[in-house]
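# Observations on the three-dimensional arrangement
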Amino acid sequence: MMKSTITLIIIFLSLNLYGGETRSDTSNVESMAAKDARMEWFRDARFGMFIHWGIYSVPAGEWNGRTNHAEWIRDTAQIPLDTYNRFIDQFNPVKFDADEWVGVAKAAGMKYMVITAKHHDGFCMWPSAFTDYDLASTSFKRDILGELKEACDKVGIKFGLYYSIMDWHHPNYLPRKWEQDRPQDLVDMEIISAYVQNQIGELIQRYDPAVLWFDGEWDKEWTREHGEDLHRHIRELKPDAVVNNRVGKRTRDLGDFGTPEQHIPAKGIPGWDWETCMTMNGQWGYNKHDDRWKSTEDLLRKLVDISSKGGNFLLNVGPTAEGEIPIQSITRLKAMGQWMQVNGESIYGTQASSIRPLVFGKVTQKVEGNDTTLYLHVSEWPEDGQLFVPVMNRVASAFLLSDRKHVLHARKGETGLTIDLSGAAPDSVDSVVVVKLIGALELNPLDQLQQSEDGIVTLPVDRAEFGQHHAGNLQIDAKLKAIGHWNHPDAFVQWTFMVNNPGRFRMTTETASLKACSIKVSLSDQEREVAVPPSGNYGDFQTLDAGVFEIKDTGVCTLIFKPVRKDWSPVNLRAVSLIPVSGN
Ligand code: FHN
């Protein structure tokens, strides 16, 4: 017999059993120092495990012959509630072993875990006092979240909970558009807001989560005010909780960190804590058919890329209904852990580096007292054994992180440091060179791209900047020595350079692409769409003449290449040249 949810909520609201005023006038403004102290572990952690697990794992992605479902299956397969609820009786994860799961995360080098306590389907993975749509209604009578929390505490991993505000089961939440059989006039977001606050209070009391990861906040009926109320409620119950930006409406001023999903912001999100969450294959929840597994190499490069931009990586696993993490996830995480064993120092507790993109790889850094340590992540071991970094500091020492006794010689030149690398790369994916600098980082002020004596301006790929934080995977393809993965039509590429001899220039570049498309080229006050004919292969480059542009004045110039959205198709790009032309 369904408990009377509405009555229960009114009771708990009046008794405030799970604490805190539902609306409090005292807004406690947290000082920057207090926030830094609260966020310190999160910023140091850099790497966590996301877990999507629920009764949606029972069908394993399959329904009526289709095999591309996952945690959204009740909606994507339009399964009526009473049919979907049969999964409750089938959910019996007898192979679930919290210590085993936490051991996988620990061995991978992960420092925190976030598991779905309640996803959009509304099913609660704990015994809740506010609904019987919960784990207590299954035949599995153990406290899954409690066992995970205990296992995390044992090994020093922070335990976090994901909670979806959107709730496809609750009678007072919006029914799905295809659910014509469900009453459409019971929607009441005040009841939902009270239900959410009561359940969050219950979760805090039962499991003391270090992170509260909200999701499903996008329906307009969940307002910013609901988010503010919930956030205030959390602060009152657990002042040190780290809360993501989806508690409200994904703004910077409500919640502690940004949550780019399935992509890495091209330039990070400066001035804000952020965390990229990503699936390991193509789905969040378990799908036994989905074999779109990212390689270990790709996952490691993503971890390094994210860390180099000052973000965290929340990497997802989708366990089976029996309670097992897929072996494909386990093998990748084990391999990542082997790299982290040797190189974790170059990830944990590091910050984004202000050094421009370098062709050999990424840079993370640590400030220790008055000095700076650079971690050069060399993914392309230079054939000439020379590693250039445009910084002007004196060097205290340089060595391989994989072998501290392997001391490296660093030469200080007019434009920066050159480190002599000897022998083969210690790691096939990412070898870390440590450079201990004296003092605060000193970038080379003349590192600006300059026009050469003969008037030519050469703009190399490793000096390109990438725009739009949701620029997808736009990046330098070190093997092709080209800008690649230019999938997102909002992503743009730009160079900033100095011109001492203005005039008229013919612009050429080298492109490789499969389909015809166009690029909008902006230079100084000119803008032009340039057709890019296909070269047939991403590795077959052809010279593209972008026409003549005039630069009227001396000073800093910016050249921007932007996709023309219509018919956009990824283009690989090599160096751009501006060659002076005489006459009109
Ligand atoms: O709809 C959810 C999805 O199922 C998954 O939980 C991701 C993970 O962050 N969040 C939402 C999609 O943005």
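Throughout what follows, the structure given in this document is the object of discussion. This is a predicted model, so every value here is computed, not measured.

So, about the overall build of the protein. Within the protein, the secondary structure is distributed over 11 helices and 28 strands. With respect to the three principal axes, the spread of C-alpha positions in the protein is 85 × 55 × 50 Å. Within the protein, buried positions represent 56% of all 584 residues. Contacts in the protein between residues at least 24 apart in sequence constitute 71% of all its contacts with a sequence separation of at least 6. When the accessible surface of the protein is totalled, it reaches about 24,600 Å², and 51% of it is carbon and sulfur.

Under the defined criterion, the tally for this structure stands at 20 aromatic pairs. Relative to Phe-561, the ring of Trp-495 lies with its centre 5.8 Å away and its plane at 80°, an arrangement referred to as edge-to-face. With Trp-495 in strand β22 (residues 492-499) and Phe-561 in strand β27 (residues 555-563), this residue pair connects regions lying 66 residues apart in the sequence. The same class applies to Trp-495 and to Phe-561, which are both buried. Taken together, the aromatic side chains of Trp-41, Phe-42, Tyr-112 and Phe-257 make up a single cluster linked through ring pairs. A cation sits over an aromatic face here: Lys-562 above Phe-492, 5.3 Å from the ring centre.

With respect to the helices, strands and loops of the structure, Asn-244 is situated in the loop between β5 (242-243) and β6 (275-278). Judged by relative accessible area, Asn-244 falls into the buried class, the value being 0%. If we skip the residues at most four places from it in the chain, Asn-244 touches Leu-212, Trp-213, Phe-214, Leu-254, Gly-255, Asp-256, Phe-257 and Thr-259.

Our next topic: the sheet that holds strand β12 (residues 395-400). Pairing in this open sheet of 6 strands is antiparallel, and the strands run β8-β9-β10-β16-β12-β13 from one edge to the other. Of all the strands in the sheet, the pair left with one neighbour each is β8 (351-352) and β13 (403-407). Across 5 bridges, the pairing between β12 and strand β16 (residues 431-437) is antiparallel. Bridge pairing in β16 places Ala-398 opposite Val-435. Along the sheet, helix α10 (residues 296-308) contacts β8, β9 (361-368) and β10 (371-378); its crossing angle with β9, the most-contacted strand, is approximately 50°.

With that out of the way, let us pick up the site of the ligand. Around the ligand, the structure places 14 residues, and the nearest of them are His-52, Glu-71, His-120, Asp-215 and Glu-261. One of the side-chain nitrogen or oxygen atoms of Asp-215 is found 2.6 Å away from a nitrogen atom of the ligand. Expressed as a share of its isolated accessible area of 330 Å², the protein-covered part of the ligand is 90%. Class assignment of the residues belonging to the shell around the ligand gives a composition of 7 nonpolar, 3 polar and 4 charged.

One open sheet accounts for 3 strands, arranged β11-β15-β14; its pairing is antiparallel. The open sheet has two free edges, formed respectively by β11 (386-389) and β14 (409-412), since each of these has just one partner strand. On average, each strand axis in the sheet is inclined to that of its neighbour by 25°, with strand direction left out of account. Where β14 meets strand β15 (residues 417-420), 4 bridges bridge the pair, whose relative direction is antiparallel. By the bridge assignment, Ala-410 is partnered in β15 with Ile-419.

Turning our eyes to something else, we now look at the pattern of salt bridges. A pair can form between side chains of opposite charge whenever their charged atoms are brought close. Tallied over the entire structure, the rule returns 40 salt bridges. The residue Glu-30 makes a salt bridge to Arg-38 at a minimum N-O spacing of 2.7 Å. Since its relative accessible area comes to 35%, Glu-30 is described here as partly exposed. Given a relative accessible area of 9%, Arg-38 falls into the buried group. Note that Glu-217 and Arg-250 form a salt bridge whose closest N and O atoms lie 2.6 Å from each other. Placement of Glu-217 in the loop between β4 (211-215) and α9 (224-237) and of Arg-250 in the loop between β5 and β6 is noted, with a sequence separation of 33 residues between them. Residue class for Arg-250 comes out partly exposed when judged on its relative accessible area of 35%. Residues joined in a network through salt bridges with shared partners are Asp-215, Glu-217, Arg-246, Arg-250 and Glu-261.

For β16, the buried fraction is high: 6 of the 7 residues fall into the buried class. Bridging between β10 and β16 involves 7 bridges; their strand directions are antiparallel. Bridge pairing in β16 links Val-378 to Ser-431.

What the largest pocket holds in volume is close to 1,400 Å³. In terms of lining, the largest pocket is formed by 49 residues, of which the most central are Asp-305, Pro-357, Lys-362, Phe-466 and Ile-476. Of all elements in the fold, only α10, β9, β19 (465-467), β20 (475-477) and β22 reach the threshold of two or more residues within the lining of the largest pocket. Classifying every residue of the lining of the largest pocket by side-chain character gives 18 nonpolar, 15 polar and 16 charged.

Our next topic: the pairing of strand β2 (residues 112-118). Moving residue by residue along a regular strand, the side chains alternate between the two faces of the sheet. Buried residues dominate β2, accounting for 7 of its 7 residues. Bridge analysis of strand β1 (residues 47-51) against β2 gives 4 bridges, and the strand direction is parallel. Along β2, the bridge assignment pairs Met-49 with Met-113. Pairing between β2 and strand β3 (residues 158-164): 6 bridges, direction parallel. Paired with Met-113 across the bridge in β3 is Phe-159. In this fold, β2 hands off to helix α7 (residues 144-155), which returns the chain to β3; that crossover is right-handed.

The relative placement of two packed helices comes down to the angle between their axes together with the axis-to-axis distance. Two elements in contact, helix α6 (residues 98-108) and α7, have axes separated by 9 Å at closest approach and are oriented at 45°. Relative to α7, the element α6 lies oblique. Note that α6 runs across α7; the crossing there is right-handed. Residues Ala-98, Asp-99, Trp-101, Val-102 and Lys-106 of α6 touch α7, and the partners they reach there are Glu-147, Leu-148, Ala-151, Cys-152, Lys-154 and Val-155.

This brings us to the environment of Ser-353. Position of Ser-353 among the secondary structure elements: in the loop between β8 and β9. Take Ser-353: its relative accessible area is 14%, and that puts it in the buried class. In this structure, Ser-353 is in contact with Ser-308, Val-363 and Gln-365, ignoring residues within four places of it in sequence. Side-chain polar atoms of Ser-353 contact the backbone nitrogen of Ile-355, separated by 3.0 Å.

What counts, and at which threshold
- Residues numbered from 1 in each chain as written.
- Predicted model: local features only at pLDDT ≥ 70, side-chain atom pairs only at ≥ 80, totals over all residues.
- Heavy atoms only, no water.
- Helix = DSSP H or I, 4+ residues; strand = E, 2+ residues; numbered from the N terminus.
- Buried < 20%, exposed > 50% of the residue type's maximum accessible area, 1.4 Å probe, protein only.
- Contact = heavy atoms within 4.5 Å.
- Areas by Shrake-Rupley, 256 points an atom, 1.4 Å probe, with all protein chains shown as cover.
- Phe/Tyr/Trp six-rings, centres within 6.5 Å; stacked < 30°, edge-to-face > 60°.
- Lys NZ or Arg CZ within 6 Å of the ring centre and 35° of its normal.
- Pairing = 2+ DSSP bridges.
- Axes fitted to C-alpha atoms, helices over the stretch in contact; angles between N-to-C directions.
- Near = heavy atom within 4 Å.
- Polar contact = N/O pair within 3.5 Å; in protein donor to acceptor, adjacent residues only side chain to side chain.
- Nonpolar A, V, L, I, M, F, W, Y, C, P; charged D, E, K, R; others polar.
- Salt bridge = Lys/Arg side-chain N within 4 Å of Asp/Glu carboxyl O.
- 1 Å grid on protein atoms, 1.4 Å probe; cavity = no way out; pocket = protein on both sides within 12 Å on 5 of 7 lines; lining within 4 Å.
- Points joined across faces, edges and corners; volume = space filled by probe spheres on them.
- Right-handed = clockwise from strand over helix to strand, strands pointing away.
- Parallel < 35°, antiparallel > 145°, perpendicular 65-115°, else oblique.
- Left-handed = near helix turned anticlockwise from the far one by under 90°.

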